[in-house]
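# Working through the structure, step by step
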Amino acid sequence: MEYKALLFCFIAAIFITPLVKKLAVYIGATDKPDARKVHKILMPRLGGLAIFVSFIIGYFLFMPATPIFWPVLIGATLIIATGVWDDLRELSPKWKLFGQVLAAGIVVYGGEGIVVSFINVPFTETTLEFGMFSEIITMIWIIAITNAINLIDGLDGLAAGVSAIALLTISGMAITMGNVFVVFAGLMMLGSTLGFLIYNFYPAKIFMGDTGALFLGFMISVLSLLGFKNVTLFSFVIPVIILGVPISDTIFAIIRRKLQKKPMSAPDKSHLHHCLLNLGYSHPETVLVIYTISALFSLAAVIFSQATLYGAFLVLGFLVLMLELLVEFTGLIGKEYRPILNLIRSQRTKR
């Protein structure tokens, strides 16, 4: 049944996206090119509405009744409303954050909400209880991932493709764990995203806008929590690895802005996709490179979940090294930051 839900949402998105495109042009929800953006012509945005509508139809048709059904639906609707408003009026950061906090709060506090209340500390029998901070920590995760997906939405098909890879991984792992809600919701989100991606991959006919980026980030953050909450510290690392590309890009953007003494909300053209473009990769090549990196992170997460304790440390060590080399090669923090590459170069010079 879950695969029928995936196929239904995929087909629904294929038919709904052109209608949303016409709506975006009609109401003026368009993205104008500027110095910070890569595209050169006026583009309809609001494409995330097609992902949402196709998902919601499938949600009502296929989703089994669960306590989290309505909180997730209401939270998703609030985040979509925030995105639509922003695509139409360009909300200030504080109002956009307000919408995200409201949506996260509905999920966390609504009914049997999603709350990370404890983790088991490895090597010990100790349980780390979050107590009164449980809800705050959970909301920070939802808001952080929501914004991380939004930050990587800079090239045709980038955010949709990276999100699809994450959703496929989360859904696949949920199947092995028997988590019915995450399986159905994840696969329906995957189908809706892939259906939209047909129109969004380079050269894009429509952008997802903040409507889509915020919705994808919100749903991925919620599904990852539902799949991995209240587990060991190492198991909680799994969703972090799966979302390695958007999370690392966000962290390095914060570090970069700190070093440059810029406000956290200040836009720049030094994200991973900008850096790859500056290295000479074409638009579609850059997107495919980041897809590959995302897939490697997801594969690492699957291996990590099945590994022994020492194997898990080995996977983490490999990922840290890979990430460091990626940062140095692309200049994510700065062109002068290359400690390992400089060390390798100096050793070669000595020889």
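Residues numbered from 1 in each chain as written. Predicted model: local features only at pLDDT ≥ 70, side-chain atom pairs only at ≥ 80, totals over all residues. Heavy atoms only, no water.

An unreviewed UniProt entry lists the chain under the name UDP-GlcNAc:undecaprenyl-phosphate GlcNAc-1-phosphate transferase, with Salimicrobium halophilum given as the organism. Quoted verbatim from the Cofactor (unreviewed entry) field of UniProt, the annotation for the chain is "Mg(2+)". (UniProt positions renumbered as here; feature names shortened; annotations may be inferred.)

The subject of this paragraph is the overall build of the chain. In terms of regular secondary structure, the chain is built from 14 helices and four strands. Here the C-alpha radius of gyration of the chain, 20 Å, is about what a compact globule of 351 residues would show, namely 20 Å. Expressed as lengths along the three principal axes of its C-alpha atoms, the size of the chain is roughly 65 × 55 × 35 Å. Within the chain, the proportion of its 351 residues that are buried is 52%. Residue pairs at least 24 apart in sequence account for 72% of intrachain contacts in the chain once pairs closer than 6 positions are excluded. Total accessible area on the chain stands at roughly 16,600 Å², and carbon and sulfur atoms take up 69% of it. Charged side chains in the chain number 25 positive and 19 negative. The centres of these two groups are separated by 9 Å. (Helix = DSSP H or I, 4+ residues; strand = E, 2+ residues; numbered from the N terminus. Rg over C-alpha atoms; globule rule 2.2 N^0.38 Å. Buried < 20%, exposed > 50% of the residue type's maximum accessible area, 1.4 Å probe, protein only. Contact = heavy atoms within 4.5 Å. Areas by Shrake-Rupley, 256 points an atom, 1.4 Å probe, with all protein chains shown as cover. Lys, Arg positive; Asp, Glu negative; His and termini not counted. Charge placed at Lys NZ, Arg CZ, Asp CG, Glu CD.)

So, about the UniProt feature "binding site: Mg(2+)" (unreviewed entry) in the chain. When the UniProt feature table is mapped onto this chain numbering, "binding site: Mg(2+)" (unreviewed entry) sits at Asn150 and Asp210. These residues run over 61 residues, yet every pair of their C-alpha atoms falls within 6.8 Å of each other. Note on asparagine 150: relative accessible area 15%, which makes it buried. Setting aside residues no more than four positions away along its own chain, asparagine 150 makes contact with Lys96, Asp210, Ala213 and Leu214. Within the secondary structure, aspartate 210 is located in helix α8 (residues 209-228). In this structure aspartate 210 comes out as buried when scored by relative accessible area, which is 12%. Dropping the residues within four chain positions of it, aspartate 210 is found in contact with Gly83, Asp86, Asp87, Lys96, Asn150 and Phe215.

It is worth spelling out the environment of phenylalanine 218 at this point. Along the chain, phenylalanine 218 falls in helix α8. In the structure, phenylalanine 218 is positioned 143 residues away from glycine 75 in sequence and 8.6 Å away in space, judged by C-alpha atoms.

On to the packing of aromatic side chains, then. Evaluation of the coordinates by the stated rule reveals twelve aromatic pairs. On the basis of an interplanar angle of 65 degrees and a centroid distance of 5.9 Å, the ring pair of phenylalanine 60 and phenylalanine 69 is categorised as edge-to-face. Residue phenylalanine 69 is classed as buried on the basis of its relative accessible area, which comes to 9%. When the ring of phenylalanine 201 is compared with that of tyrosine 291, the centres are 6.3 Å apart and the planes differ by 40 degrees; the resulting orientation is tilted. In this pair, phenylalanine 201 sits in the loop between α7 (180-200) and α8 while tyrosine 291 sits in helix α12 (residues 283-306), placing the two residues 90 residues apart along the sequence. A relative accessible area of 27% places phenylalanine 201 in the partly exposed class. Tyrosine 291 gets classed as buried once you look at its relative accessible area, which sits at 14%. (Phe/Tyr/Trp six-rings, centres within 6.5 Å; stacked < 30°, edge-to-face > 60°.)

All right, on to the pattern of salt bridges then. Tallied over the full model, the rule gives four salt bridges. Among the salt bridges present, the one from aspartate 87 reaches arginine 45, with a minimum N-O distance of 4.0 Å. One end of the pair, aspartate 87, is in helix α3 (residues 69-89); the other, arginine 45, is in the loop between β2 (43-44) and α2 (48-62), and 42 residues separate them in sequence. As far as the burial class goes, aspartate 87 and arginine 45 line up, both buried. Residues joined by salt bridges that share partners form a network here, namely Arg45, Asp87 and Glu90. (Salt bridge = Lys/Arg side-chain N within 4 Å of Asp/Glu carboxyl O.)

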